[in-house]
Amino acid sequence: MEDMLRLWIALAGFGVYLSLRTVYRLYFHPLSHIPGPKLTACTHLYEFYHNIIRPGMFLFEIEKMHQQYGPIVRINPREIHICDPDFYDEIYASSSRRRDKDPKYVPTYALPGSMVAAVSHEQHRFRRGILKDFFSRRSVAELSDSVNERVQKLMTRFEVERMNQTIVSLDDAFSALSSDIITAYCCGKDWDFIEDENFRSDVRNAAENAIAFTHISRFVPWLVYAMSALSPKTMAFIMPGKAKLFEFLEAFLEYGKMESYTGKRKTMVATLADESIPAKERDYYRLRDETFGLIAAGTETTAKVLTAASFYMTNDRRVRETLQAELKQVMPTLDSRPTWAELEKLPYLSAFINECLRLAYGITARLPRVAPTESLQYKEYTIPPGTPVSSSTYFIHNNAYIFPEPDTFRPERWIEAAEKGENLKKYLVTFNRGTRGCIGINLAHLELFLTIAHFARRFNMELHNTELEDFRIVRDMTMGVTRRGGFKVYARLSRVDE
Ligand code: HEM
């Protein structure tokens, strides 16, 4: 009887706590003046339901909130989403202003030792500073020959598939290419996935595992730390793809610490492990997470844009013919080897790549940033310091005011804007912006220009089991997911006439 009484008192106490918390969140919380549904202001369960029970659907709920409440909404008790492209650079500000990551959001990446998961501005700056020279325009340009070598290897492989009239899974092929490029740059050697019969990529499998856990990791953050410490056997049971990659990485980490890539430049791994770095910033978990993060970030994102490119150049004959006609100017024969700089000067190729970047989105997740010491002012709303604020790429790239008929693939929009003196690129945020934006943007551009140019100059395609609907995003699992998972293109290749 006494136990029952205690239980009732405990339940009543909990009920009072929840009621008081609800009243506080609704009427006294520093964000109580921000528009949005009462339910999202009161509880995280709304997001839990729309991201875990209905995996990856919260992004579309945010879209509905904006339709009802306007450009600024409180999407959960402690977070704001702003759908106004002209406010983007305030949220994702450059180095003169401090931007932290949200500690409640970084478990999404399940890589606590990486730069992408560093919460404070200072820790991030330190981690990014170690590697930033590898990704400067000059360093990446020096990498051109080695990237070109791998692109040519893939083209030779495609030539064999063409002669055999095989149906090629282009997304697997591009994933093999991008993971070989970044692994070699990072660790000093690659897995040679391009030569694998099925373009098998353990990086791709690991990324798929990570995507499946992305929202769960955030709601159950201790899982991330528990997973990091799992024995290889247990990890292999829960996340076979990630376990396999970690297994490979161990050997690569050892190799990368000793070997230099070009003879004059150290590998990224060796640089991360250098004795000048404080010991706790170069332990095994830190090296493993950073390397995994670099390889995963450099693989699926780039491969996704290349896959989209292969589809859009085939889906519209006019696009393909315009692209091929322009490419012939710098690639008079199928064996021509234009430089990156020469390709960048081609207006239609550049416009085509921008349009692929727009509709591939990169990351659809909302990527919150925190201004720790600064109040942000959005119209009449003051956002207090310490508030996580975000603006999803998905909404900016689909903004019909900036990109009329946003669902239509139309490279000409970039050329027309340039002719009118409009800076449309300001609204292309596939790589995010500011201090925490993509470090790999130059490398991604190099890969996109070289691969698309050589592929489009040499091959035409007949699509199989692939249509426009396969490129519509139906879920946000950090990466945008379609009805059949990632972007997939199946095609039979044929040769372009000299
Ligand atoms: C088309 C290809 C790519 C796209 C769309 C893309 C997109 C992005 C985005 C949106 C972010 C911000 C993530 C966040 O805020 O949490 C990011 C960060 C990052 N990206 Fe990329 N990326 C691409 C290619 C690459 C490549 C080739 C690399 C090479 C290693 C790379 C490495 C990274 C790293 C390390 C970060 C974390 C940067 C930081 O926290 O300072 N990315 N990328």
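The structure displayed is predicted, hence computed values, not measured ones.

Here three bridges tie strand β4 (residues 167-169) to strand β12 (residues 490-495), and the two strands are oriented antiparallel to one another. By the bridge assignment for β12, I167 is matched with R492. Examined bridge by bridge, strand β9 (residues 459-464) and β12 share six bridges and lie antiparallel to one another. Across the sheet, the residue bridging to F459 is R495, located in β12.

To continue, consider the nonpolar core. The biggest cluster of nonpolar side chains holds 134 residues, and the ones touching the most others in it are F158, F352 and L443. Setting aside chain neighbours within four positions, we find F158 in contact with V168, L170, A173, F174, F199, F455, F459 and L493.

What follows covers unusual backbone geometry. For Q165, which is not a glycine, the phi torsion comes out positive at approximately 55°. Mapped onto the fold, Q165 is located in the loop between α8 (144-164) and β4. Classification of Q165 as partly exposed rests on a relative accessible area of 41%. The backbone of T478 sits at a positive phi, close to 75°, despite the residue not being glycine. Structurally, T478 is set in the loop between β10 (475-477) and β11 (479-481). Residue T478 is classed as buried on the basis of its relative accessible area, which comes to 12%.

Bringing the UniProt feature "binding site: heme" (unreviewed entry) in the protein into the picture now. In the UniProt entry, the feature "binding site: heme" (unreviewed entry) is given for C438. Residue classification places C438 among the partly exposed residues on the basis of a relative accessible area of 35%. Non-local contacts of C438, meaning those with residues more than four positions away in its chain, are made with R128 and F431.

Right, let's talk about the pairing of strand β1 (residues 72-76) for a bit. The side chains of a regular strand alternate between the sheet's two faces. Most of β1 sits inside the fold, with five of its five residues counted as buried. Note that β1 and strand β2 (residues 79-82) share four bridges and pair antiparallel. Note on β2: the bridge partner recorded for N76 is E79. Counting the residues in the hairpin turn of β1 and β2 gives two residues.

With that settled, consider the site of the ligand. Near the ligand there are 27 residues, and of these K101, Y109, H124, R369 and C438 occur at the shortest range. Contact distances for the ligand include 2.3 Å between an oxygen atom and a side-chain N or O atom of Y109. Taking H124, its side chain carries an N or O atom lying 2.5 Å from an oxygen atom of the ligand. Those elements that provide at least two residues to the shell around the ligand are α6 (121-131) and α15 (284-315). With six residues, the top contributor of residues to the shell around the ligand is α15.

Strand order across the open sheet formed by five strands is β1-β2-β8-β5-β3, with mixed pairing between neighbours. Every interior strand has two partners, whereas the edge strands, β1 and β3 (100-101), have only one. The pairing of strand β5 (residues 369-370) with strand β8 (residues 388-390) spans two bridges and is classified as antiparallel. Looking at β8, one finds that V370 is bridged to P388.

Time to look at the packing of helix α10 (residues 202-219) against α15. Where α10 meets α15, the closest approach of the two axes is 10 Å, and the angle between their N-to-C directions is 95°. Classified by the angle their axes make, α10 and α15 are roughly perpendicular. Only F292, I295, A296, T299 and E300 of α15 make contact with α10, whose side of the interface consists of V203, R204, A206 and A207. In the contact of α10 with α15, the residues fall into six nonpolar, one polar and two charged.

What counts, and at which threshold
- Residues numbered from 1 in each chain as written.
- Predicted model: local features only at pLDDT ≥ 70, side-chain atom pairs only at ≥ 80, totals over all residues.
- Heavy atoms only, no water.
- Pairing = 2+ DSSP bridges.
- Helix = DSSP H or I, 4+ residues; strand = E, 2+ residues; numbered from the N terminus.
- Core = buried A, V, L, I, M, F, W, Y, C linked by side-chain atoms within 4.5 Å.
- Buried < 20%, exposed > 50% of the residue type's maximum accessible area, 1.4 Å probe, protein only.
- Contact = heavy atoms within 4.5 Å.
- UniProt positions renumbered as here; feature names shortened; annotations may be inferred.
- Near = heavy atom within 4 Å.
- Polar contact = N/O pair within 3.5 Å; in protein donor to acceptor, adjacent residues only side chain to side chain.
- Axes fitted to C-alpha atoms, helices over the stretch in contact; angles between N-to-C directions.
- Parallel < 35°, antiparallel > 145°, perpendicular 65-115°, else oblique.
- Nonpolar A, V, L, I, M, F, W, Y, C, P; charged D, E, K, R; others polar.

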